[in-house]
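Here's the letter readout for the chains.
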Amino acid sequence: MSGVSRSHNIAVLPGDGIGPEVTDAALQVLTEAAEAEGFGLEFSTYCIGGSALDRFDVPLPSTTRAACEAADAVLLGAIGDPRWDHETGSRRCEAALLELRRHLGVFANLRPVQVYEDLAVRSPVKSGRIAATDILIVRELTGGVYFGTPRGVTHANGLRTGVNTMAYCEDEVARIARVAFGWARRRRFHVTSVDKANVLEVSQLWRTVVDEVHAREFPDVSLTHLYVDNAAMQLVLQPDAFDVLLTGNLFGDILSDLVAALPGSLGVLPSASLGASVGLFEPVHGSAPGIAGRGRANPVGAILSVAMMLDTLGEGTAAARIRSGVADAFRAGVMTADLGGTASTTDVGAAVCRFAFGLGSANMQAAGYGI
Ligand code: NAD
Ligand code: IPM
Ligand code: MN
């Protein structure tokens, strides 16, 4: 393919809090990647979350939704603004993100967790225990208790009752299980499926369907089932026992923040949400209102999300250079305060660009994300 024939149209949703700051750094890296690797790039920015409530009085304006549908990929910073926390139902910032995920049909949320060598020594967990960590969390993203009905708060006999419903239909379980087993074949051939089948019927069906898909389609991959409470402990005690971790929407949300303690900060974890034609790429962290607007946010999760985006767009070389640039920036000690460093958000973005596309970098790391 010649350089000029490749062009990618990205819808950018900076969102709230630290979202715009980390998105700026990620876009700087993306722009330099395009220049260095000779592909075209167009991007336009749209509102979501609190910033959209401010301007349009809805958290997911139709212009944003239409732009995402028409794009080759979507880059999202973070949503969530304490000024709008009093909202309920579909007016919540978080509801906009859930609606967008569902609308785009991105049922598979991939959250890779690695502990860079230069972070292992600074981790709150003993470095010897975590250095070999290389986990891919495959989280079901468009079902489960996040979307089940009935839901809401009812009033009866002077008492309020809150209700949510955790439901999975077998086809939803089977399709996410196939994604996890497929990834295991590209990695170390092991899947750990995490559920609460000792208590919940929804988890008993989950386990049965995962077993069926395994036996029928992926007998070459090894499979272990863990209850979520035990899984939480094992992820800290022996993270290197995990390869692909398959789980539902709620457990995946919780366990991915837990595992972020291994590299030492939620700020370094990226994600890709895939399933239909347009992928949604966003760091795992939220809008971190406590540090917003101060140039202190760690942009690495957003930058590595851009790398995952480039993999799915067929720009694997650019993605590998970005990953390598991040490793080199850490090696050079360029880190934000959450990791114990003194660098600003823009310092980290600039260092990644310099190592990835400027001065030349040493260790190319291939990964390649796409389903
Ligand atoms: P959070 O992820 O925003 O922050 C958790 C902790 O991690 C805080 O101490 C924060 O300062 C720190 N942190 C997070 N990202 C960081 C980064 N890049 N650099 C340095 N430190 C970082 O979670 P929260 O405080 O529970 O939620 C805040 C808001 O974000 C809420 O409105 C929540 O709904 C929303 N949220 C949005 C997303 C998303 O947009 N994908 C994800 C999670 C939470
Ligand atoms: C995440 C976030 C979201 C989730 C919220 C903001 C809706 O915590 O992406 O991890 O729970 O999925
Ligand atoms: Mn979360």
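Everything here concerns the structure above.
Report follows, based on the coordinates. (Residues numbered from 1 in each chain as written. Chains lettered and ligands numbered in written order. Predicted model: local features only at pLDDT ≥ 70, side-chain atom pairs only at ≥ 80, totals over all residues. Heavy atoms only, no water.)

## Looking at the sheet that holds strand β9 (residues 222-227)
Part 1: One open sheet holds the 10 strands; their spatial order is β2-β1-β3-β12-β11-β4-β5-β10-β8-β9, and the pairing between them is mixed. At either margin of the open sheet sits one strand with a lone partner, and together these are β2 (40-45) and β9. Here the average twist between neighbouring strands, direction ignored, is 25°.
Part 2: Two elements, strand β8 (residues 190-195) and strand β10 (residues 244-247), share 4 bridges in a ladder whose sense is parallel. Paired with T192 across the two strands is L245, which belongs to β10. (Pairing = 2+ DSSP bridges. Helix = DSSP H or I, 4+ residues; strand = E, 2+ residues; numbered from the N terminus. Axes fitted to C-alpha atoms, helices over the stretch in contact; angles between N-to-C directions.)

## Focus: the packing of helix α11 (residues 300-312) against helix α12 (residues 316-331)
Part 1: The contact between α11 and α12 brings their axes to 7 Å, and the two run at 160°. Relative to α12, the element α11 is oriented roughly antiparallel. In this structure, α11 crosses over α12, and the sense of that crossing is left-handed. Here V300, I303, L304, V306, A307, M308, L310 and D311 of α11 come into contact with α12, specifically with G316, A318, A319, I322, R323, V326 and F330. (Parallel < 35°, antiparallel > 145°, perpendicular 65-115°, else oblique. Left-handed = near helix turned anticlockwise from the far one by under 90°. Contact = heavy atoms within 4.5 Å.)

## Side note on the side chain of S271
Part 1: Tracing the backbone shows S271 in the loop between α10 (249-259) and β11 (272-274).
Part 2: Here the side chain of S271 touches N109 through a polar contact of 3.4 Å, side chain to side chain.
Part 3: For S271, the residues in contact, after removing those within four places along its chain, are N109, L110, R111, L280, F281, E282, P283, V284, S305 and M308. (Polar contact = N/O pair within 3.5 Å; in protein donor to acceptor, adjacent residues only side chain to side chain.)

## Structural notes on the site of ligand 2
Part 1: I79, E94, L98, R101, R111, R139, Y146, D253 and V284 make up every residue found near ligand 2.
Part 2: Here an oxygen atom of ligand 2 and a side-chain polar atom of R101 are 2.7 Å apart.
Part 3: One nitrogen or oxygen atom from the side chain of R139 is found 2.8 Å from an oxygen atom belonging to ligand 2.
Part 4: Within the complex, the protein chains bury 79% of what would otherwise be the 320 Å² of accessible surface of ligand 2. (Near = heavy atom within 4 Å. Areas by Shrake-Rupley, 256 points an atom, 1.4 Å probe, with all protein chains shown as cover.)

## What to know about the pairing of β8
It is a general feature of regular strands that their side chains alternate between the two faces of the sheet.
Part 1: Burial runs high along β8: 6 of the 6 residues are buried.
Part 2: Burial along β8 is two-sided: the residues H190, T192 and V194 and V191, S193 and D195 are all buried.
Part 3: Across 6 bridges, the pairing between β8 and β9 is parallel. Opposite D195, over in β9, you have Y227 as the bridge partner.
Part 4: A crossover connection joins β8 to the parallel β9 through helix α8 (residues 201-217); in handedness this β-α-β unit is right-handed. (Buried < 20%, exposed > 50% of the residue type's maximum accessible area, 1.4 Å probe, protein only. Right-handed = clockwise from strand over helix to strand, strands pointing away.)

## Here we look at the pairing of β10
Part 1: Burial along β10 is two-sided: the residues V244 and L246 and L245 and T247 are all buried.
Part 2: Bridge analysis of strand β5 (residues 134-140) against β10 gives 4 bridges, and the strand direction is parallel. Following the sheet pairing, I137 is matched in β10 by L245.

## A few points about the state of the cysteines
Part 1: Across all of its chains, the model carries 0 disulfides by this definition.
Part 2: Sulfur of C47: no disulfide; nearest cysteine sulfur belongs to C68 and is 11 Å away.
Part 3: Overall, C68 belongs to the buried group, its relative accessible area being 0%. (Disulfide = S-S within 2.5 Å.)

## A few points about α10
Part 1: Among the residues of α10, those classed as buried are N249, F251, G252, L255, S256 and V259. On an axial view of α10, the arc spanned by its buried residues comes to 155°, and they lie on one face.
Part 2: Buried residues belonging to α10 abut β4 (108-114), β5, β8, α8, α9 (228-237) and β10. (Arc of directions from axis to C-beta.)

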